[in-house]
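The chain contents come next:
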Amino acid sequence: MRIVALAGGIGGARFLRGLLAAVGPQDEITVIGNTGDDIHLYGLKVCPDLDTVMYTLGGGINEEQGWGRQDETWSIKAEMKEYGVGPEWFGLGDRDFATHLVRSQMLTAGYSLSQVTEALCVRWKPGVRLLPMSDDRVETHVRITDEQGTRAVHFQEYWVRLHAAVDAEAIIPVGADTAKPAPGVLEAIAQADVILFPPSNPVVSIGTILAVPGIREAVAAAPAPVVGLSPIIGGAPVRGMADKVLAAVGVEATAEAVAVNYGSALLDGWLVDTADADAVAAVEAAGIACRAVPLLMTDVEATAEMARAALALAEQVRA
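In this text, all values refer to a predicted model and were calculated from it rather than measured experimentally.

Thresholds, definitions, all that
- Residues numbered from 1 in each chain as written.
- Predicted model: local features only at pLDDT ≥ 70, side-chain atom pairs only at ≥ 80, totals over all residues.
- Heavy atoms only, no water.
- Core = buried A, V, L, I, M, F, W, Y, C linked by side-chain atoms within 4.5 Å.
- Buried < 20%, exposed > 50% of the residue type's maximum accessible area, 1.4 Å probe, protein only.
- Helix = DSSP H or I, 4+ residues; strand = E, 2+ residues; numbered from the N terminus.
- Contact = heavy atoms within 4.5 Å.
- Pairing = 2+ DSSP bridges.
- Axes fitted to C-alpha atoms, helices over the stretch in contact; angles between N-to-C directions.
- Left-handed = near helix turned anticlockwise from the far one by under 90°.
- Nonpolar A, V, L, I, M, F, W, Y, C, P; charged D, E, K, R; others polar.
- Parallel < 35°, antiparallel > 145°, perpendicular 65-115°, else oblique.
- Disulfide = S-S within 2.5 Å.
- Phe/Tyr/Trp six-rings, centres within 6.5 Å; stacked < 30°, edge-to-face > 60°.
- Lys NZ or Arg CZ within 6 Å of the ring centre and 35° of its normal.

Novice: So what about the nonpolar core? Which residues, and what values?
Specialist: In this structure, Tyr158, Ile189, Ile195, Phe197 and Trp270 are the most contacted members of the largest nonpolar core, which totals 56 residues. Residue contributions to this core peak at five residues, all from helix 11 (residues 255–262). Residues contacting Tyr158, with those up to four places away along its chain left out, are Val142, Ile144, Val153, His163, Ala164, Val166, Asp167, Ala168, Lys244 and Val245. Grouped together as the second largest cluster of nonpolar side chains are 41 residues, Ile3, Leu16, Val194 and Leu295 included.

Novice: Tell me about the sheet that holds strand 10 (residues 226–229), and please be specific about residues and values.
Specialist: Spatially, the seven strands line up as an open sheet ordered 5-2-1-9-10-13-14, and their pairing is parallel. Both edges of this open sheet fall to strand 5 (129–132) and strand 14 (289–292), since each of them pairs with a single strand only. For this sheet, the mean angle separating the axes of adjacent strands, direction not counted, is 20°.

Novice: So what's going on with the sheet that holds strand 6 (residues 139–146)? Residues and values would help.
Specialist: The antiparallel open sheet is built from three strands, whose spatial order is 7-6-8. Every interior strand has two partners, whereas the edge strands, strand 7 (149–154) and strand 8 (170–174), have only one. Going from strand to strand, the sheet's axes swing by 30° on average, the running direction of each strand aside. One ladder, built from six bridges, connects strand 6 with strand 7; its direction is antiparallel. By the bridge assignment for strand 7, His141 is matched with His154.

Novice: Explain the pairing of strand 6 to me, and be specific about the residues and the numbers.
Specialist: The pairing of strand 6 with strand 8 spans five bridges and is classified as antiparallel. What sits directly across from Val142, in strand 8, is Ile171. Between strand 6 and strand 7, which pair antiparallel one after the other, the connecting turn spans two residues.

Novice: Which residues make up the packing of helix 1 (residues 10–22) against helix 2 (residues 48–58), and what are the values?
Specialist: Where helix 1 contacts helix 2, the axes come no closer than 9 Å and their chain directions differ by 35°. Crossing geometry of helix 1 relative to helix 2 is assigned as right-handed. Only Thr52, Val53, Thr56 and Leu57 of helix 2 make contact with helix 1, whose side of the interface consists of Ile10, Ala13, Arg14, Leu16, Arg17 and Leu20. Its residues assigned to classes, the contact of helix 1 with helix 2 shows six nonpolar, two polar and two charged.

Novice: An account of the packing of helix 2 against helix 4 (residues 94–108) is requested, with residue identities and associated values reported.
Specialist: One way to put it is that helix 2 packs onto helix 4 with a least axis distance of 12 Å and a crossing angle of 120°. As summarised for this structure, helix 2 and helix 4 are arranged oblique, according to the angle between their axes. Two packed elements cross with a definite hand, and for helix 2 against helix 4 that hand is right-handed. Residues Asp51, Met54 and Tyr55 of helix 2 lie in contact with helix 4, whose contacting residues are Asp96, Thr99, His100 and Arg103. For the contact of helix 2 with helix 4, a count of residues per class yields two nonpolar, two polar and three charged.

Novice: A description of the state of the cysteines should follow, citing residues and the corresponding values.
Specialist: Working definition of a disulfide: a covalent bond connecting the sulfur atoms of two cysteines. Summed over the entire model, instances satisfying the criterion amount to zero disulfides. Cysteine Cys47 remains unbridged, with the sulfur of Cys121 as its closest cysteine sulfur at 11 Å. For Cys121, a relative accessible area of 11% gives the class buried.

Novice: Which residues make up the packing of aromatic side chains, and what values do they have?
Specialist: Applying the stated criterion to the full structure yields six aromatic pairs. Ring centres of Tyr42 and Phe97 lie 5.7 Å apart, and the angle between their planes is 40°; on these two criteria the pair is classed as tilted. Separated by 55 residues along the polypeptide, Tyr42 in the loop between strand 3 (39–41) and strand 4 (44–46) and Phe97 in helix 4 bring together distant segments of the chain. In this structure Tyr42 comes out as partly exposed when scored by relative accessible area, which is 22%. Through successive ring pairs, a cluster of aromatic residues spans Phe197, Tyr262 and Trp270. One Lys or Arg, Arg69, reaches over the ring of Tyr55 and ends 5.5 Å from the middle of that ring.

Novice: Any chance you could break down the environment of Leu229 for me, citing the residues and the numbers?
Specialist: Turning to its location among the elements, Leu229 is positioned in strand 10. The exposure class assigned to Leu229 is buried, which follows from its relative accessible area of 1%. Spatially, the C-alpha atom of Leu229 lies 28 Å from that of Gly175, the residues being 54 residues apart in sequence. Among all residues touching Leu229, those that are not within four sequence positions of it are Phe15, Phe197, Pro198, Pro199, Trp270, Leu271, Leu295, Met306 and Ala310.

So, in structure tokens, the structure goes:
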């Protein structure tokens, strides 16, 4: 079975770990990772979502945080602070710095982001084929109004420094409209037996991937069933502040509303949590097969059960 998953950071990475536990060694998983969260810091190219997937599946993630490296130290960050060089709000540990140094050196030498990602995965052996959504530069920005007036800030500043405390007025994936899918992305989608939307942020993770011209169209045209898992349980995000960015695009923070926003042109199936079982009928009325199952990723086995439920629903809609 050839499975393609569109994934963001923590939620996507943890789901993929469960997916790996749910499938057999003969199955192939291709992950199309969001690069809209990418940011340049200290002269380095930082790819938070790609790295979170790579570290999580490769056994190097800080499990408590869900991002960054385990057993991390912070000497470089402390020294940068002594020099008065910021930003202080974004945490890059010493081990993490090494990844960004290698990536930036390779990019400067002329390698593409796809090639760099493949090279980094040689070390981490994530068990999946990890592809950036695009080799072109795409950065998600958020329009806000605060004491400095109306302005656009990088998504990382909105999420990490401001903690999404200010209302998001618009989400702008800068550069997405002129970006091209990375090599292998469209081919993987076209050849997939199943396409999955993990419980990643539907606006700034999966939504940004779909904003790259050609990817949404490829998913919509793919012969494989497309099944998503709701990141919203009981009217609230499972993790993070997805309700803030959903509001910016006029979508309610409910399992039903997220499914309808994706639409039946993209989704064939949708899983909601048992707490949202009353949404099943409305989602199915929108032309999307829907089932209610436990969706809390409390451990790897619970997550594997979610993945099995998604694959089972894919088989049902295929039939």
